[in-house]
Amino acid sequence: MGYFAFRHQPLLTLYYLYTAISLLFVKVPYWAVRYALPSTRPQPWSLGRVVLVKCYRELITTLFRTTVAPFCHDAVAVEKSGKADEVGLVWIEPAPELLVVPEIQEAARINGIEPERRAGYWMGKRGPDGKVGQPAGPDEKVIYGFHGGGFVMGSAHPDFATGYIYRKMLDYAKGYERILQSDYRISSIDPLPTAGQFPAALMDALAGYKYLVHDLGFKPENIIIMGESAGAALAFNLTRYLSQNDLPGLGRVRPRGQLLLSPASDWGSTHEGPGSSFERNWNCDMVHSFFEGFPTKALVGKLPPEAAWENSWISPSSKRLPNPEGLFKGLPPTCLIVGGAEMLVDVVKTLSDRIIADNGEAIVDYYEVPHAAHVPMTHAWHEPESRMGYERCARWLESLESSS
C-alpha cells in the first residue's frame, strides 16, 4: 500500500475509523490472548506494555498511510496564534556562509536547497523580563537539541513528543538551565510536495549553532548537542561538521560533547538481514514504517539513490560506505544510548565503533538500556528503562565536568 494513499477526504476519515475499529475489536483482543502468557512475549514486559508498543506501531503506520500533519507544528501559525512567548518561540536567521564543505554544497545545489529563516523553541530559564533568548550568562551551559521523526515529521514545539525528553533533561542535567530546540526543515517527496531534502536540516542546525555562539554569546565548550532518533543523526552530523571545519566568522567551534539517543544513521538499510537487530527485534519495536522507503527517498531527493548508503553525511553508520576510516576524526566526548530491544541496535553499535576507531575508546560512553524499545526516554510509561536512560545522561554530563 502506498504512502499517504488515504490523505484526502473522505478516505482520511474512513481510514481513521477503520484503524480505530480494527484496533479496539480485533487487534488488541488478539494481542491480549496471543501474549497472555509471559513466555510468549518478545521481551520480559508486562502484557500492557506489549500491547502499547503494538499500538504505537499501528499509529505510526497510520500516519504514513494518511498524513503526518498532526505531528507537525507550523511556527508561523504558532506566532499568529499569539502563543509565541508562551511556548518559547524565536526566529533564527539563515547562515549561508557556514556551508563550506564541497560535498554538501553540491548536494544543496542538486536538491535546490537554499538557506531559510527557521524557528527555534526555548525551554527552561527565562530572562528578567520573562522573555526567552536572553544572552548567555558568564560560563552558562546550554543544550542544543533536535527532535526525531525520521526527517519526515516532528517539530521542536514543546508539545511534540520530544519535548518530554527535554523537559526531563532540565531535571536531570545538573547545571543546564536552558535548552534550545531547532525546528529544522523536514523532508517530503511525491505524493507530497517536494521539500527539505538533504542538506536542509544540517543547514538549519548550523544556523542555530551560530545563533547560540555568535548572537547570544555561548562558548562552544559550554554547549552540548543532543538529539533523538533522526534528530540524533542530525546532532551527530552537526557535531562532526563543527569539529572538522573552520567556519567564517566563528572558526573551529567544536562543542563540549554530543548526547545521541538511538541515532537513526543508516538510511540505506545496510544493517537489515538475517540475524540483525532489525530481525531480532522486529516484534518488539515500533519504527518499521520509517525504514520502508519514503523517508529515505524524501531525504536523498534528487541525489543518486546510492547516496543513501554511500554518503557519510546521510548514513554515517552505513556498512557500504566506501572508505569510513578517518571520516569521524576530531569528535568531542560522545554518549550513545540505545534500547536493547530496538531494531536500530546494530546501527548504533556501528556508529560507536567508528567513532572509537577514529578517536579512541575513552571518547565514547555507549549504553544499551536493557529490554527498551526505541528511545524509551520519550515515553513516561516506559519505566524503569526511561529513568535509567536519564540517569545515564546525568552521570555522563557530570563526568564531563569532572574531566574539564
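Scroll up for the structure.
Residues numbered from 1 in each chain as written. Predicted model: local features only at pLDDT ≥ 70, side-chain atom pairs only at ≥ 80, totals over all residues. Heavy atoms only, no water.

Asker: What is the right way to look at the side chain of Q134 in this model?
Answerer: Positionally, Q134 belongs in the loop between β2 (118–124) and β3 (141–146). Within polar-contact distance, the side chain of Q134 engages the backbone oxygen of K125 at 3.3 Å. (Helix = DSSP H or I, 4+ residues; strand = E, 2+ residues; numbered from the N terminus. Polar contact = N/O pair within 3.5 Å; in protein donor to acceptor, adjacent residues only side chain to side chain.)

Asker: Help me understand the packing of helix α6 (residues 161–172) against helix α13 (residues 385–403), please; the structure alone is not making it clear to me.
Answerer: The geometry of a pair of packed helices is captured by two quantities: the angle between their axes and the separation between those axes. As a packed pair, α6 and α13 sit with axes 10 Å apart at the nearest point and diverge in direction by 50 degrees. Relative to α13, the element α6 is oriented oblique. With respect to the hand of their crossing, α6 and α13 are arranged in right-handed fashion. Facing Y164, I165, K168, M169 and Y172 of α6, the residues of α13 in contact are R387, Y390, E391, C393, A394 and L397. Of the residues contributing to the contact of α6 with α13, the split by class is eight nonpolar, no polar and three charged. (Axes fitted to C-alpha atoms, helices over the stretch in contact; angles between N-to-C directions. Parallel < 35°, antiparallel > 145°, perpendicular 65-115°, else oblique. Left-handed = near helix turned anticlockwise from the far one by under 90°. Contact = heavy atoms within 4.5 Å. Nonpolar A, V, L, I, M, F, W, Y, C, P; charged D, E, K, R; others polar.)

Asker: Help me understand the pattern of salt bridges in this model?
Answerer: Where charged atoms from two side chains of opposite charge come close, those side chains can pair. A full pass over the atoms with the stated rule returns 18 salt bridges. Between D85 and K131 there is a salt bridge, with its nearest N and O atoms 2.8 Å apart. Taken together, the positions of D85 in helix α4 (residues 84–87) and K131 in the loop between β2 and β3 put the pair 46 residues apart, joining distant regions of the chain. Note that D246 is salt-bridged to R252, the shortest N-O span being 3.2 Å. According to the relative accessible area criterion, R252 is partly exposed, its value standing at 46%. One network of salt bridges, with partners in common, ties together E116, R118, R185 and D204. (Salt bridge = Lys/Arg side-chain N within 4 Å of Asp/Glu carboxyl O. Buried < 20%, exposed > 50% of the residue type's maximum accessible area, 1.4 Å probe, protein only.)

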